[in-house]
Amino acid sequence: MFRSIDHPLRRAVICAVALSAALAALFAVTRPQLPDSDRTTAAAAQQVQAAPGPVTFPLFGRKSGRLYDYEPKGTAAGFKPLVDMGGGWGDADALVQINLSEGGAGNDLYHRSGTSLYYTAERGGDTKLIGGGWDQYSLLVSVGNMGGSSHPDLVARGSDGTLWLYQGRADGTLAARIQIGTGGWNSMNALAGRGDYTGDGKADLVARGTDGTLYIYPGTGNAVANAALGARVTVGKGWNAYKTVVSTGDNDGDGRTDLVANDPAGLLWFYEGTGSASAAFAARAQIGTSGWAAFDTLF
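Within any chain, residue numbers begin from 1 and follow the written order of that chain's sequence. Selection of residues for local features in this predicted model requires a pLDDT of at least 70, selection of side-chain atom pairs for listing and counting requires 80 or more, and totals for whole chains, interfaces and linings are taken over all residues. The basis for the side-chain values is all heavy atoms of the structure; hydrogens and waters are excluded.

Topic: the overall build of the chain
Thinking step 1. The secondary structure content of the chain amounts to two helices and 20 strands.
Thinking step 2. A total of 299 residues make up the chain; the buried ones form 52% of that total.
Thinking step 3. Sequence separation of 24 or more characterises 45% of the internal contacts of the chain that already satisfy a separation of 6 or more.
Thinking step 4. Entry remark: accessible area of the chain is about 12,100 Å², with carbon and sulfur atoms responsible for 54%. The way it works is that DSSP assigns letters per residue, a run of H or I at least four long becomes a helix, a run of E at least two long becomes a strand, and they are numbered from the N terminus. The classification of residues rests on relative accessible area computed with a 1.4 Å probe and restricted to protein chains. Under 20% of the type maximum is buried, over 50% is exposed, and intermediate values are partly exposed. In this analysis, two residues are considered to be in contact whenever any of their non-hydrogen atoms come within 4.5 Å of each other. Each accessible area is a Shrake-Rupley result for a 1.4 Å probe, and residues are judged covered by the shown protein chains and nothing else.

Here's the deal with the nonpolar core
Thinking step 1. To form a nonpolar core, buried Ala, Val, Leu, Ile, Met, Phe, Trp, Tyr and Cys residues must be joined to one another through side-chain atoms within 4.5 Å. Grouped together as the largest cluster of nonpolar side chains are 18 residues, with contacts concentrated most on Trp185 and Leu205.
Thinking step 2. Elements that contribute at least two residues to this core include exactly strand S8 (137-144), strand S10 (163-166), strand S11 (178-181), strand S12 (188-192), strand S13 (205-209) and strand S14 (214-217).
Thinking step 3. One finds Tyr137, Leu140, Tyr166 and Leu174 within the second-largest nonpolar core, a separate group that totals 16 residues.

Focus on the side chain of Arg112
Thinking step 1. Along the chain, Arg112 turns up in strand S5 (residues 107-113).
Thinking step 2. A residue is classified by how much of its surface remains accessible, and Arg112, at 8% relative accessible area, is buried.
Thinking step 3. Here the side chain of Arg112 touches Tyr137 through a polar contact of 2.8 Å, landing on its backbone oxygen.
Thinking step 4. Residues contacting Arg112, with those up to four places away along its chain left out, are Asp91, Ala92, Asp93, Ala94, Leu117, Trp134, Asp135, Tyr137 and Leu140. Pairing of N or O atoms within 3.5 Å defines a polar contact, subject to two protein rules: one partner must be a possible hydrogen donor and the other a possible acceptor, and residues neighboring in sequence count only if both atoms are side-chain atoms.

Overview of the environment of Ala280
Thinking step 1. Looking at where Ala280 falls in the secondary structure, it is placed in the loop between strand S18 (268-271) and strand S19 (285-288).
Thinking step 2. Among the residues examined, Ala280 registers a relative accessible area of 6% and is labelled buried.
Thinking step 3. Residues Ala280 and Val235 lie 45 residues apart in sequence; the distance between their C-alpha atoms is 6.8 Å.
Thinking step 4. In this structure, Ala280 is in contact with Tyr197, Ile216, Glu272, Gly273, Thr274 and Gly275, ignoring residues within four places of it in sequence.

Details of the packing of aromatic side chains
Aromatic rings in a pair are described by how distant their centres are and how their planes are angled relative to each other.
Thinking step 1. Classification of ring pairs rests on two measures: the distance between centres of Phe, Tyr or Trp rings, Trp counted by its six-membered ring, which must be within 6.5 Å, and the angle between planes, read as stacked under 30 degrees, edge-to-face over 60 and tilted in between. Applying the stated criterion across every chain, the model contains 17 aromatic pairs.
Thinking step 2. Here the basic side chain of Lys63 rests over the ring of Phe295, its NZ or CZ set 4.8 Å away from the ring centre.
Thinking step 3. Only when the NZ atom of a Lys or the CZ atom of an Arg is both within 6 Å of the ring centre and within 35 degrees of the ring normal do we say a charge sits over the ring. The side chain of Arg194 reaches across the aromatic face of Phe57, ending 3.6 Å from its centre.

A look at the confidence of the model for the chain
Parts of the model with low pLDDT should not have their predicted coordinates read in detail.
Thinking step 1. One number per residue, pLDDT, summarises how confident the predictor is, and it ranges from 0 to 100. Counting all residues, the mean pLDDT for the chain is 85, and 81% of those residues have values of 70 or more.
Thinking step 2. Of the regions scoring below 50 in pLDDT, residues 1-18 engages in eleven contacts with residues more than four places distant in sequence or in other chains.

Overview of the environment of Asn189
Thinking step 1. Structurally, Asn189 is set in strand S12.
Thinking step 2. In this structure Asn189 comes out as partly exposed when scored by relative accessible area, which is 35%.
Thinking step 3. Remark: the alpha-carbon pair of Asn189 and Ala207, spanning 18 residues in sequence, is separated by 7.6 Å.
Thinking step 4. Residues within four places of Asn189 in sequence aside, it is in contact with Leu139, Arg157, Arg208, Gly209 and Thr210.

Let's talk about unusual backbone geometry
Thinking step 1. One non-glycine residue with positive phi stands out, namely Glu102, at about 55°.
Thinking step 2. Its location among the elements puts Glu102 in the loop between strand S4 (94-99) and S5.
Thinking step 3. Located in the positive-phi region is Asn226, a residue other than glycine, with phi close to 55°.
Thinking step 4. Within the secondary structure, Asn226 sits in the loop between S14 and strand S15 (233-236).
Thinking step 5. Residue classification places Asn226 among the partly exposed positions, given a relative accessible area of 41%.

Things to note about the pairing of strand S6 (residues 116-120)
Looking along a regular strand, one sees the side chains alternate between the two faces of the sheet.
Thinking step 1. Most of S6 is tucked away, with five of its five residues classed as buried.
Thinking step 2. The two faces of S6 match: Ser116, Tyr118 and Thr120 on one face and Leu117 and Tyr119 on the other face are all buried.

Structural notes on the sheet that holds S11
Thinking step 1. With antiparallel pairing, the four strands of this open sheet are ordered in space as S8-S9-S10-S11. Strands at the two margins of the open sheet, each flanked by one partner only, are S8 and S11. Looking at each pair of strands side by side, their axes are set apart by 30° on average, direction ignored.
Thinking step 2. Note: two strands are recorded as paired if DSSP finds a minimum of 2 bridges between them. In this structure, S8 lies alongside strand S9 (residues 153-158), joined through six bridges in antiparallel fashion. The residue bridging Val141 from the neighbouring strand is Val155, located in S9. The angle between two axes is taken between their N-to-C directions and runs from 0 to 180 degrees, where each axis is a line fitted to C-alpha atoms and a helix contributes only its stretch in contact.

If you want it as C-alpha cells, here you go:
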C-alpha cells in the first residue's frame, strides 16, 4: 500500500525536484534576456570592481506562489512592467538573487526547499544541489563580493543570532563558511547588500533593527573571521514602516548603489544612494503606486 505524498520527507523531495525543474525551465525560456551589449557592460563592471555598485539588477517578487520579474528602466529610477515567471514557487522558503554566471552578467538564484539549498543559473538547464542543513539559517542574502574574491558572496544568519559569510565560486558552489558576527543579529529583521554604500569600493551590509533603525555595516574586503565588517553606521530610524528593504544595485544608473522598499499600503519607494557613509541616501521617491504589499518576498 502506497503512503500519501503528504508524508513530510517524501513531500519535501517531490517539491524540491519540482521546483528545481521549474527553475531550469523558467530561466532557459521565460525570463527576458539582456541585450548582449548590456550583458557585456554588466560583466565588465562586475570584474573590475570588488563590489557590484555600478551594476543594475532586476527586482524579483513572489506572491500567491508565483514569481514576477521587474526589469530596471536603466535610465531612471524604477522598473519596467512585470513579467510573469510562472507558478510553483510556494515551496521555496528562501530565494536569493545573485549575479554569478557569465562573468557576473547572469541573474541567477539560490533557493532553499526544506533543509537543502540549490543553485540555478539564468542560462542553462541545470539546477545544482549545494548542500543540506540550510534550515539552520533564518535569513539569507546576497551581498556582492564582500570577501574580496572575484565572485559574489552569500551571508546567512543563524537561528542563534550568529552571522556567516559564504564566498561564492564560479560554478555556484560555496566555500566553507566564515563567522563574521558572533551574536546579536536576531535583533535585525532585514538584511540587504549587493553594493558599496560608503564610497570606498567595498561591498557593505545593510541591516534593519527590530526597532526600525537602519544601519550600514561597512565591508572591509577581508574574508577573515569576525573581521569582514567594520563598525556600523546609523542611517536613520523609522524603517519599520516598510515590509521589505532590498537592494537592486544601481537602479538609476548614476554609479551608486540604491535601496528599494515597499510599504503595507502597497507603495514602492526608492532611496537613491549617495556613496557617503555620513548621509547614505537622498530623500525617498515613490516609484510604485499600488499592489506592492501583495508580495510575500522581494529580492
